[in-house]
Amino acid sequence: MSVFKKFVARYAIPDVTPDIRDEYVVHAAHAVQRNARWLFFLLFLTTPLAALAGSPEVTWMVRIGMPIVMGSYCLLGFVLLSRHVDFSKSPKLAAHYVVDSSISSCFGAIICSAWCVLSWMSAPADDRVQFPIILVMGALATAYCLANIRIGAVANLLIDLVPISLKQLTSGRALDFAAGTSLLYAGLFQRRMINAHQDHVLDLLRLKKQNRVLALTDPLTKLLNRRALQDFSEALSDDKEPVRLLLIDIDHFKSINDTYGHDMGDEVLDLVANTVNRFSG
């Protein structure tokens with residue numbers, strides 16, 4: 001992975017504890033794969049409609065060239081995402097996918113933003129409003145699609161909304177100023193919603209991790225329980241390496257419970273478990 005991609009990977013997802021980082025990356029990759037395909041399809045359908053709304057005064061590159069580039073980008077994205085990949089088997093592959101999705105989405109945002117700004121500048125003042133409206137719908141949808149990828153979502157909002165908002169704020173028309181301000185407010189609100197979504201997903205993953213540990217761990221000794229042994233035995237049966245099972249019997253354990261009580265028996269079990277963990281680790 002290049003230095004640039006490592007930088008993107010570092011900021012692509014929120015700060016996550018190592019115990020659930022792989023799960024979060026896999027979740028983010030699956031979410032993008034599931035949602036981005038239909039986003040590309042809808043953007044592809046919207047592209048010719050936006051081209052028809054363009055001003056006749058713009059150059060052929062803006063009126064024809066950019067819609068062709070945007071349509072080709074959306075069609076390519078839809079085709080590439082039509083093939084399902086099971087990222088749960090490879091968190092590393094999921095991490096690469098998250099980074100590539102963040103970078104590639106920025107190219108689409110640049111095309112849309114440039115197309116919108118150039119069309120807005122060339123159109124008559126009374127016909128400008130439709131271009132930011134079309135742009136903001138795509139920008140907010142893309143940011144939501146990338147909600148699990150922090151840097152991708154934020155980068156798309158900045159690239160899409162800031163240039164056209166600045167043009168509107170500095171046009172000298174009250175209507176443009178109000179529209180530009182509204183676009184910035186919409187971007188800030190979407191950023192807040194992205195943060196809330198990420199916090200919600202992280203809470204769910206932590207709860208899932210906690211429940212998994214509780215289901216497979218004995219609450220007293222913190223050792224894996226019978227259910228965990230059954231689950232792991234199925235996985236070990238496919239392994240070509242030899243597997244050894246160690247059974248430990250505590251001598252006179254019943255007499256300890258009968259003489260000193262079950263609380264003392266629990267302390268003995270805990271002491272034995274700690275000893276096993278120390279030597280097995």
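Look a little higher up for the structure.
Here's a quick rundown of the structure. Treat the numbers as computed from the prediction; the structure is a model and nothing was measured.

Calculation rules
Residues numbered from 1 in each chain as written. Predicted model: local features only at pLDDT ≥ 70, side-chain atom pairs only at ≥ 80, totals over all residues. Heavy atoms only, no water. 1 Å grid on protein atoms, 1.4 Å probe; cavity = no way out; pocket = protein on both sides within 12 Å on 5 of 7 lines; lining within 4 Å. Points joined across faces, edges and corners; volume = space filled by probe spheres on them. Helix = DSSP H or I, 4+ residues; strand = E, 2+ residues; numbered from the N terminus. Nonpolar A, V, L, I, M, F, W, Y, C, P; charged D, E, K, R; others polar. Disulfide = S-S within 2.5 Å. Buried < 20%, exposed > 50% of the residue type's maximum accessible area, 1.4 Å probe, protein only. Salt bridge = Lys/Arg side-chain N within 4 Å of Asp/Glu carboxyl O. Axes fitted to C-alpha atoms, helices over the stretch in contact; angles between N-to-C directions. Parallel < 35°, antiparallel > 145°, perpendicular 65-115°, else oblique. Contact = heavy atoms within 4.5 Å. Expected span 1.5 Å × (residues − 1). Bend = angle between axes of the 7 residues up to and from the residue. Lys, Arg positive; Asp, Glu negative; His and termini not counted. Phe/Tyr/Trp six-rings, centres within 6.5 Å; stacked < 30°, edge-to-face > 60°.

Right, let's talk about the layout of surface pockets for a bit. Empty space within the largest pocket amounts to approximately 1,000 Å³. Surrounding the largest pocket, 45 residues form its lining, Leu 39, Phe 40, Leu 43, Tyr 73 and Ser 105 being those nearest its centre. When contributions to the lining of the largest pocket are tallied by element, the ones reaching two or more residues are α2 (18-52), α3 (60-81), α4 (91-122), α5 (130-145) and α6 (150-169). Here the lining of the largest pocket takes 13 residues from α4, the largest share from any one element. Taken together, the residues of the lining of the largest pocket break down into 29 nonpolar, 13 polar and three charged.

This model, assessed by the stated rule, comprises zero disulfides. In this structure Cys 74 is not part of a disulfide, and its nearest cysteine sulfur, from Cys 112, lies 6.7 Å away. For Cys 74, a relative accessible area of 0% translates into the label buried. Just so you know, Cys 106 is unpaired, no disulfide at all, and the nearest cysteine sulfur is the one on Cys 112, 12 Å from it. Relative accessible area serves as the criterion here: at 18%, Cys 106 is assigned to the buried category.

Counted according to the given criterion, the structure contains four salt bridges. When the shortest N-O distance is used, the salt bridge between Arg 206 and Asp 203 registers 3.2 Å. Taken together, the positions of Arg 206 and Asp 203, both in helix α7 (residues 174-216) and three residues apart, correspond to about one turn of that helix.

Closest axis-to-axis distance for the α2/α5 pair is 10 Å, and the angle between their directions is 170°. On the basis of the axis angle, α2 is roughly antiparallel to α5. Contact residues: Val 32, Asn 35, Ala 36, Leu 39, Leu 43, Thr 46 and Ala 50 in α2; Ile 134, Gly 138, Ala 141, Thr 142 and Cys 145 in α5.

One non-glycine residue, His 252, lies in positive phi territory at about 60°. As for its placement among the helices and strands, His 252 is situated in the loop between α8 (226-237) and α9 (253-260). Relative accessible area serves as the criterion here: at 64%, His 252 is assigned to the exposed category.

Turning to α3, a few remarks are in order. In this model α3 runs 31 Å from its N-terminal to its C-terminal C-alpha over 22 residues, within 8% of the 32 Å that 1.5 Å per residue would give. A maximum bend of about 25° is found in α3 at Met 66, where proline Pro 67 lies one to four positions downstream. The set of residues buried in α3 consists of Val 62, Gly 65, Met 66, Pro 67, Met 70, Gly 71, Cys 74, Gly 77 and Leu 81. Lining the buried residues of α3 we find α2 and α4.

Right, let's talk about the side chain of Asp 160 for a bit. By secondary structure assignment, the location of Asp 160 is in helix α6. In this structure, Asp 160 is buried with no salt-bridge partner, the nearest side chain bearing the opposite charge being Arg 191 at 14 Å. Not counting the four nearest positions on each side in its chain, Asp 160 is found in contact with Ala 109, Cys 112, Ser 113, Leu 135 and Ala 139.

With that out of the way, let us pick up the packing of aromatic side chains. Scanning all chains against the criterion turns up five aromatic pairs. Where Phe 41 meets Phe 78, the ring centres are 5.5 Å apart and the plane angle is 40°; that geometry is what we call tilted. With Phe 41 in helix α2 and Phe 78 in helix α3, this pair connects stretches of sequence that are 37 residues apart. Relative accessible area serves as the criterion here: at 32%, Phe 41 is assigned to the partly exposed category. Taking relative accessible area as the criterion, Phe 78 reaches 22% and is therefore assigned partly exposed. Seen in terms of ring centroids, Phe 87 and Tyr 97 are 4.8 Å apart; in terms of plane orientation they differ by 45°. Their pairing is tilted. Placement of the pair is Phe 87 in the loop between α3 and α4 and Tyr 97 in helix α4, with a sequence separation of ten residues. With relative accessibility at 17%, the residue Tyr 97 sits in the buried group. Counting every residue linked through ring pairs, the aromatic cluster contains Trp 38, Phe 41 and Phe 78.

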